Structure formats: structure tokens, C-alpha cells
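# Chain and residue survey
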Amino acid sequence: MDGFILVDKQKGVSSNFVVQDIKKKIKAKKVGHMGTLDPIATGLLVLGVNRATKFSNHFLESDKSYDVEISLGVSTDTDDSSGNIIYESTDYPSKTLVKKELDSFKGESLQVPPFFSALKHKGQPLYKYARNGEFISKPARKILITSIENFYFKNNICSFRIKCSKGTYIRSIARDLGERLGCGAHMKSLKRISQGNFFISKAKNINEIYLEDIISIEEAFKNLDMITIHSKDQKKFINGVTICEVGKKDNIYRVFSNNNTFIGIGEIKENTLKHKQLV
């Protein structure tokens with residue numbers, strides 16, 4: 001019972017609630033999420049079961065895509081619809097200007113995280129400080145917006161689908177868009193559509209999840225090419241020793257022993273192989 005479960009999270013429940021509910025339902029020893037969603041957000045929540053929880057770093061590093069709604073003319077202290085209003089404006093921009101400024105986010109940039117986030121300061125998440133009126137800024141971080149598609153604008157609400165790198169805060173994009181337009185803005189809704197090679201189309205409501213919905217670790221990485229290593233190299237790979245002269249191009253691979261046992265995920269750089277995560 002090791003693998004991944006894809007949940008279509010509903011609005012109003014926390015990621016931790018989903019984790020605990022699924023853990024109890026399938027009677028697993030260990031369940032963990034592969035990247036949290038705020039309670040107001042919906043969509044794809046990837047859960048690791050038992051040994052699959054070790055792959056959390058792989059998924060935290062993966063690209064994600066979201067369907068987003070941003071409401072213009074109102075800024076909040078949380079940068080989303082759950083917060084208190086801190087600024088209002090009726091100086092609404094045109095559709096053309098909104099599209100132009102939104103498109104300017106594409107590519108690599110530096111983003112300042114929101115005050116209400118799980119990032120830590122002196123061991124405590126920022127949102128705990130913010131709830132007590134202490135707003136702590138974190139340094140801007142490099143992010144990458146790969147694409148912004150399906151743009152629609154009506155009644156001062158713009159919607160779109162965005163694909164982005166790890167560490168991207170969509171609430172911060174809403175905040176920054178409002179600042180660039182001079183009217184203020186906040187994130188109205190957020191739905192995660194994909195994470196890595198997992199998609200919302202394969203996810204189920206929390207009440208529809210059963211043991212047979214677990215995706216095996218090997219199956220979850222079938223999008224990666226495979227590589228087989230000899231028995232003499234297996235111990236080296238498991239112990240984190242690099243294996244030289246592997247004769248494959250630089251990439252991430254599924255690694256198998258010569259008796260066709262799936263060992264884990266490895267990365268080849270400059271003709272040397274080293275493990276990223278063992279099964």
C-alpha cells in the first residue's frame with residue numbers, strides 16, 4: 001500500500017484535514033500531501049501513502065498549473081477573498097490594459113511572498129505573525145511563469161490559466177497586478193489543475209477515494225525514461241555514490257536493477273548517475 005492518491009479538494013477544508021481523513025479511511029500508517037492548498041483553494045491535492053511520502057521534494061519542485069480569478073478594485077490584507085479590505089478603487093482599467101499587464105508576468109522574475117504564508121520566521125509561519133498584526137516581509141524569490149492562457153475579463157474580474165514554477169504565490173500575482181494597474185486587486189478563486197505529471201481529471205472527491213485508487217510509485221513516474229543498472233552498481237546507487245560512464249543523456253530517470261526491480265529516481269549529469277529518491 002505505497003503510492004499516490006489524487007484528491008479533488010473542495011473549498012473550505014484544509015489540506016491537513018484531507019490528509020487525516022484519507023489516512024483514517026484507508027487505514028494507512030503514513031499519509032502526507034505533496035504540496036498544500038489553502039482552505040479557500042480547490043482542485044488537485046496529491047497525497048503520498050506510506051513509502052511514497054519520501055517523494056515529497058520531487059513534487060514540491062515540480063511545475064503546477066491553476067485556473068485563477070482575480071477581482072480588481074479591492075485589495076485585502078491576505079491578498080485573497082478571505083481577508084479584510086485595506087484598499088478600494090473605482091478607477092477600473094480597460095480589458096486591453098489588464099491583459100497587457102498580466103502578460104508582463106510571463107517569464108522569470110522576482111516575487112515577494114505574501115504576509116499570510118507558511119514561510120517561516122524564527123520557527124513560526126508568517127501567517128501567525130500577520131494574524132497578530134505583525135507583518136514580516138521575506139526577500140523576493142525567483143519564479144518562472146511558463147504560460148498564461150484562456151484570458152477572460154468581465155465585471156472587473158479577470159480569469160486565466162497559469163503554469164508556474166515551484167514557490168510561486170498566485171495571491172502575490174493578484175496583489176502585484178492590482179498595484180501595476182493602480183486599482184488594487186485580490187485573488188477571488190484558485191483551482192489547481194495539474195502538478196508534475198498529475199492532472200485534476202484523474203482526481204476524485206474525498207468521499208469517493210478507496211484503496212484501489214492508489215497509484216503505485218512506479219506507475220506515477222512512467223512519464224520518465226527508464227535505466228537499468230548492474231548489480232555491482234546497485235549498492236553504490238542506494239548509498240548515494242555516483243555511477244560514472246552511464247552512457248545516457250542528462251535527465252531524470254526511473255532506475256531499475258538488472259532483475260527488473262524498481263529502485264527509485266535518479267538523475268544523470270555529465271554522464272554520471274546519482275539517486276534523487278529511493279523507493
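## Quick look at the pattern of salt bridges
Within the structure shown, the criterion is met by 12 salt bridges. Residue Asp-213 is joined to Lys-204 by a salt bridge in which the shortest nitrogen-to-oxygen separation is 2.8 Å. Using a relative accessible area of 18% as the deciding quantity, one classes Asp-213 as buried. With a closest N to O distance of 4.0 Å, Asp-233 and Lys-236 form a salt bridge. Placement of the pair is Asp-233 and Lys-236 together in helix H7 (residues 231-238), with a separation of three residues, close to one helical turn. For Asp-233, a relative accessible area of 9% gives the class buried. Residue Lys-236 is classed as partly exposed on the basis of its relative accessible area of 40%. A cluster of three or more residues bridged by salt bridges with shared partners is formed by Lys-99, Asp-103 and Lys-106.

## Focus on the layout of surface pockets
Roughly 1,200 Å³ of volume is contained in the largest pocket. In terms of lining, the largest pocket is formed by 37 residues, of which the most central are Thr-36, Asp-38, Ala-118, Tyr-169 and Arg-171. Among the secondary structure elements, those contributing two or more residues to the lining of the largest pocket are helix H1 (15-26), strand E4 (64-72), helix H4 (126-131), strand E10 (141-154), helix H5 (170-181) and strand E12 (185-195). Grouping the amino acids of the lining of the largest pocket by side-chain chemistry returns 16 nonpolar, 12 polar and nine charged. Empty space within the second largest pocket amounts to approximately 280 Å³. His-58, Phe-59, Glu-61, Ser-62, Asp-63, Gly-196, Asn-197, Phe-221, Asn-223, Leu-224, Ile-252 and Lys-276 together form the lining of the second largest pocket.

Conventions adopted
Along each chain, residues carry numbers from 1 onward, in the same order as the chain's sequence is written. Where totals are concerned, whole chains, interfaces and linings use all residues; where local detail is concerned, this predicted model gives features only for residues with pLDDT of at least 70, and gives and counts side-chain atom pairs only at 80 or more. Each side-chain value is worked out from all heavy atoms of the structure, with water and hydrogens disregarded. A carboxyl oxygen of Asp or Glu within 4 Å of a side-chain nitrogen of Lys or Arg is what we treat as a salt bridge. Residue burial is assigned from relative accessible area. The probe radius is 1.4 Å, only protein chains are included, and a residue is buried under 20% of its type maximum, exposed over 50%, and partly exposed in between. A run of DSSP states H or I qualifies as a helix once it reaches four residues; a run of E qualifies as a strand once it reaches two. Both are numbered from the N-terminal end. Lining residues are defined by having an atom within 4 Å of a point belonging to a cavity or pocket. Those points lie on a 1 Å grid over the protein atoms alone, cavities being sets where a 1.4 Å probe fits but cannot get out and pockets being open sets with protein on both sides within 12 Å along at least five of seven lines. Grid points are joined across faces, edges and corners, and a volume is the space filled by probe spheres set on the points. Polar here means any residue other than Ala, Val, Leu, Ile, Met, Phe, Trp, Tyr, Cys and Pro, which are nonpolar, and Asp, Glu, Lys and Arg, which are charged; Gly is therefore polar.

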